[in-house]
Structures are given as C-alpha cells and as structure tokens.
Amino acid sequence: MPNRLSSSARTLPTAPRRTRRVRRTRPRGGVVPILIAAVLWGTTGTASSLAPGGAPAAGIGAAGLVLGGLLLFLTDRTARVLPRTCGPCDRWLLAAGAVAVAGYPVTFYPAVSRTGVAVATVIALGSAPVFTGLLGWLTRQGRPGGRWAGATALAVLGCALLVLGPELAGGSTTVDLPGVLLAALSGLSYAVYSLIGGRLIAAGHPSGGVMGAMFGGGALIVLPVLLCGPTGWLLTARGAGVVLHLAVITTFLAYWLFGHGLRHTTAQTATTLTLAEPAVAAVLGVAALGERLPTVSWCGLAVLAGGLAVLALPARR
C-alpha cells in the first residue's frame, strides 16, 4: 500500500513510511498490547458461560458488541468523522469491516454453547491466522514469511493438542459439527476485520477511528439480533454483569489495544499472537469452572507458548 502512493507526491509517502519504520524499530509496541488484548479475550468464554440460563447465546454476544461497539465509537472523535472524510474505497472497507465485526459474536457464542468454551475458542482463534495469511496473500497485502509460518504452525499444533487432549487421554468429549462450523466462521470474520483494520491503519487513518467506526457499525447491525430475542435476562444482576464485562473489558478495552497494536505490526502477526487467548481460556476453565486438563493438553499449552515466543521475540539480524 505505501509503495503505490509513493509516486503521487513527495509529501504523501510520509505517513505510510513512518508506520513501517515504527514496526521495525518498536516491535514490542505492537506485540505487548496485542498480547494483553488476547488475555482479556481469554475471559470471554468463561464470562458468557456465567450468564443466566434463559439468555440466548447469540443475544449474549450481541449485547456485548452493542454496548462495547458504541463505547468505541462515541469515545473517539475520529471514529465519528472518518466515514464522512475518507474516500469511497475506504468507506466500503469500513462497511465490510462492520459486517465482519457483526458476524463474529453471532457465530462465536452459539459455537460456545454447542461445543464448549475451549473447543470453540481454539477453533475460532486457530483458524483465524490461517484465514488471515491466505486472505492477506490473495489481496496482495503481503505474503507471510517463513518465521510467521513456523510460529503459526507451532501455535495451531499447540491448540490442537489442547483441544484433543481429553480424547487422546481416553475421555468421552464429543465434537459438534455445526458448532465447529460456526467457530470456523467466527475465525473467518475475525480475520476479515483484522485485515481491513490493518490496511486502513497502514494507509494513515488513526487506529481508534478505524476500530470505533467498524465496531460502531457492527453494533448497529447486531442490534436487531438482541432486540428480537428475550431481553429479560439483561435486567438481572448476573446478566448485566456479564454484558458489562464483555462490553468494557473484552470489546472496548481489548479492541482499543488491538487497534493500537496494528499500528506497529501486520494483521497476520497480530492474529497469530492472539492465539494466546486459548491458553487463558483453558486456565480459566480449570480455575473458575472446575474443568480438568490431561497431560496432553498441558503439553499443548507449552507448544503454543513456544510458537508465540518465536513470533513475539525480536528476530536476530
């Protein structure tokens, strides 16, 4: 993207070139906020499982996105003016990003209810880097390098061991095919809006404005999903607490950090780093929900951590 703009005027390449320089000299400026966001996202499945019994799975995700998306949109001034001031192409990208944002909760939370927290989280997050790498290559946003491919392969292998650990250890865990497909669709949605957000930020738009505009649009799209279902659970203390956590912690704060991280790293690297989320979800499942992980699953967590370390640590020149 920056190279295509370099021939138009001497002053235009400044912002894209500065963005690339920040990515090289300050890699931790992108790695650290993305890893923190992944830790916050790791609480999503556990928090949603604590919702009242009558709360629909899609409604839980929609409620968190409606409130969190509006917070991202209303608290950033550039988010409110960006759709009016950007060009037609970028406006279409924002619209597509909003649709992808809306697609994530309406597929992920039903997947959690069908397959469980760990399986849905790992499939969604494990497929997202693969989708991101392929889509980024097809849309000419950069071909993933060997280091990214190796780190992603290790991380996805760790996720697979983490999920399949109970079955490999002789457990009776079953996999629900519709739930798996829903989780994969949520991974595709995540990959799409990560790529779009990274492209718009690399083009010079502020990260807060890009995330606020996409998530504000996504909030409006999923609002009918929330209103068409039962809403009485929102008036309970437990339901309100779950929605506030999903909105403020896993949407507003986490995606603000994620957008900041995209200023200093590529979308391919960012989606691989967020594979730290399944590790957090698994540990929370053990600590808060009383789930038990066999030795194979703990080995998977170690492999996952190794893959993320390969990607997060600075490369030697």
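Here the residue numbering is sequential within each chain, running from 1 through the sequence in written order. Only residues with pLDDT of at least 70 are given local features in this predicted model, and only at 80 or more are side-chain atom pairs given and counted; all residues enter the totals for whole chains, interfaces and linings. Hydrogens and water are ignored here; the side-chain numbers use all heavy atoms of the structure.

## Details of the overall build of the chain
Here comes step 1: Counting from the N terminus, the helices are DSSP H or I runs at least four residues long and the strands are E runs at least two residues long. When its secondary structure is counted, the chain shows 15 helices and zero strands.
Here comes step 2: Restricting to contacts in the chain with at least 6 residues of sequence separation, those with at least 24 account for 86%.
Here comes step 3: Of the roughly 14600 Å² that the chain leaves accessible, carbon and sulfur atoms contribute 66%. Two residues qualify as a contact provided that any one of their heavy atoms is within 4.5 Å of a heavy atom in the partner residue. To be clear on the numbers: accessible area is Shrake-Rupley with a 1.4 Å probe, and residue cover counts the displayed protein chains and nothing else.

## Side note on the packing of helix α10 (residues 177–202) against helix α11 (residues 207–228)
Here comes step 1: The interhelical angle for the contact between α10 and α11, taken along N-to-C directions, is 145°, at an axis separation of 9 Å. In terms of crossing hand, the pair formed by α10 and α11 is right-handed. Every residue of α11 that contacts α10 at Tyr 193, Ile 196, Gly 197, Leu 200 and Ile 201 is listed here: Ser 207, Val 210, Met 214 and Phe 215. Axis definition: a line fitted to C-alpha atoms, limited for helices to the stretch in contact. Angles are taken between N-to-C directions and run from 0 to 180 degrees. Left-handed describes a crossing whose near helix is turned anticlockwise from the far helix by less than a right angle; the clockwise case is right-handed.

## Things to note about the environment of Gly 42
Here comes step 1: Note that Gly 42 resides in the loop between α3 (28–41) and α4 (44–49).
Here comes step 2: Residues Gly 42 and Thr 274, spaced 232 residues apart in sequence, show a C-alpha to C-alpha distance of 9.3 Å.
Here comes step 3: Not counting the four nearest positions on each side in its chain, Gly 42 is found in contact with Glu 277, Val 280, Ala 281 and Leu 284.

## Some points on the nonpolar core
Here comes step 1: For our purposes a nonpolar core is just a set of buried Ala, Val, Leu, Ile, Met, Phe, Trp, Tyr and Cys residues, chained together by side-chain atoms within 4.5 Å. Working definition: with a 1.4 Å probe on protein chains only, accessible area under 20% of the residue-type maximum means buried, over 50% means exposed, and in between means partly exposed. Residues Ile 60, Tyr 190, Tyr 193, Met 214, Phe 215 and Phe 258 are the most contacted members of the largest nonpolar core, which totals 68 residues.
Here comes step 2: Sort the elements by how many residues they give to this core and helix α7 (residues 88–115) lands first, with 10 residues.
Here comes step 3: Dropping the residues within four chain positions of it, Phe 215 is found in contact with Leu 65, Gly 69, Leu 72, Val 101, Tyr 193, Thr 251 and Tyr 255.

## Focus: the environment of Leu 135
Here comes step 1: Along the chain, Leu 135 turns up in helix α8 (residues 117–138).
Here comes step 2: With a relative accessible area of 25%, Leu 135 lands in the partly exposed category.
Here comes step 3: A sequence separation of 60 residues divides Leu 135 from Leu 195, and the C-alpha atoms of the two residues are 8.1 Å apart.
Here comes step 4: With residues up to four places along the chain from it excluded, the contact list for Leu 135 reads Leu 188, Val 192 and Leu 195.

## Observations regarding the packing of aromatic side chains
Any pair of aromatic rings gets described here by the distance separating the centres and the angle formed by the planes.
Here comes step 1: Only Phe, Tyr and Trp rings are paired, with Trp represented by its six-membered ring, and only when their centres lie within 6.5 Å; those with planes under 30 degrees apart are stacked, over 60 edge-to-face, the remainder tilted. Taken as a whole, this structure holds 12 aromatic pairs when the rule is applied.
Here comes step 2: A ring pair is formed by Tyr 104 and Phe 108, whose centres lie 5.3 Å apart and whose planes are at 10°; its orientation type is stacked. Taken together, the residues span about one helical turn, with Tyr 104 and Phe 108 both in helix α7 at a distance of four residues.
Here comes step 3: On the numbers, 4.3 Å between centres and 45° between planes, the contact of Phe 215 with Tyr 255 is tilted. Within this pair, whereas Phe 215 is found in helix α11, its partner Tyr 255 is found in helix α12 (residues 237–262), the two being separated by 40 residues in sequence. Residue Phe 215 shares its accessibility class with Tyr 255, and that shared class is buried.

## Re a nonpolar patch on the surface
Here comes step 1: Patches here: salt-bridge-free residues with over 30% relative accessible area, like charges joined within 9 Å, nonpolar side chains (Val, Leu, Ile, Met, Phe, Trp, Tyr) joined within 5 Å. A pairing counts as a salt bridge when a side-chain nitrogen of Lys or Arg comes within 4 Å of a carboxyl oxygen of Asp or Glu. On the surface, a cluster of nonpolar side chains totalling about 430 Å² of accessible area is made up of Val 130, Leu 134, Trp 137 and Leu 138.
Here comes step 2: In this fold, Leu 138 is placed in helix α8.
Here comes step 3: Given a relative accessible area of 61%, Leu 138 falls into the exposed group.

## Remarks on empty space enclosed by the protein
Here comes step 1: Both cavities and pockets are sets of points on a 1 Å grid over the protein atoms alone; in a cavity a 1.4 Å probe fits but cannot get out, in a pocket the set is open with protein on both sides within 12 Å along at least five of seven lines, and lining residues sit with an atom within 4 Å of a point. Grid points are joined across faces, edges and corners, and a volume is the space filled by probe spheres set on the points. The tally for this structure, following the rule as stated, stands at one cavity of 30 Å³ or more.
Here comes step 2: Empty space within the largest cavity amounts to approximately 250 Å³.
Here comes step 3: For the lining of the largest cavity, the elements supplying multiple residues, two or more each, are α5 (57–74), α7, α10 and α12.
Here comes step 4: Residue contributions to the lining of the largest cavity peak at five residues, all from α7.
Here comes step 5: Three residue categories are used. Nonpolar comprises Ala, Val, Leu, Ile, Met, Phe, Trp, Tyr, Cys and Pro, charged comprises Asp, Glu, Lys and Arg, and polar comprises the others, including Gly. Among the residues forming the lining of the largest cavity, the class breakdown is 13 nonpolar, five polar and one charged.

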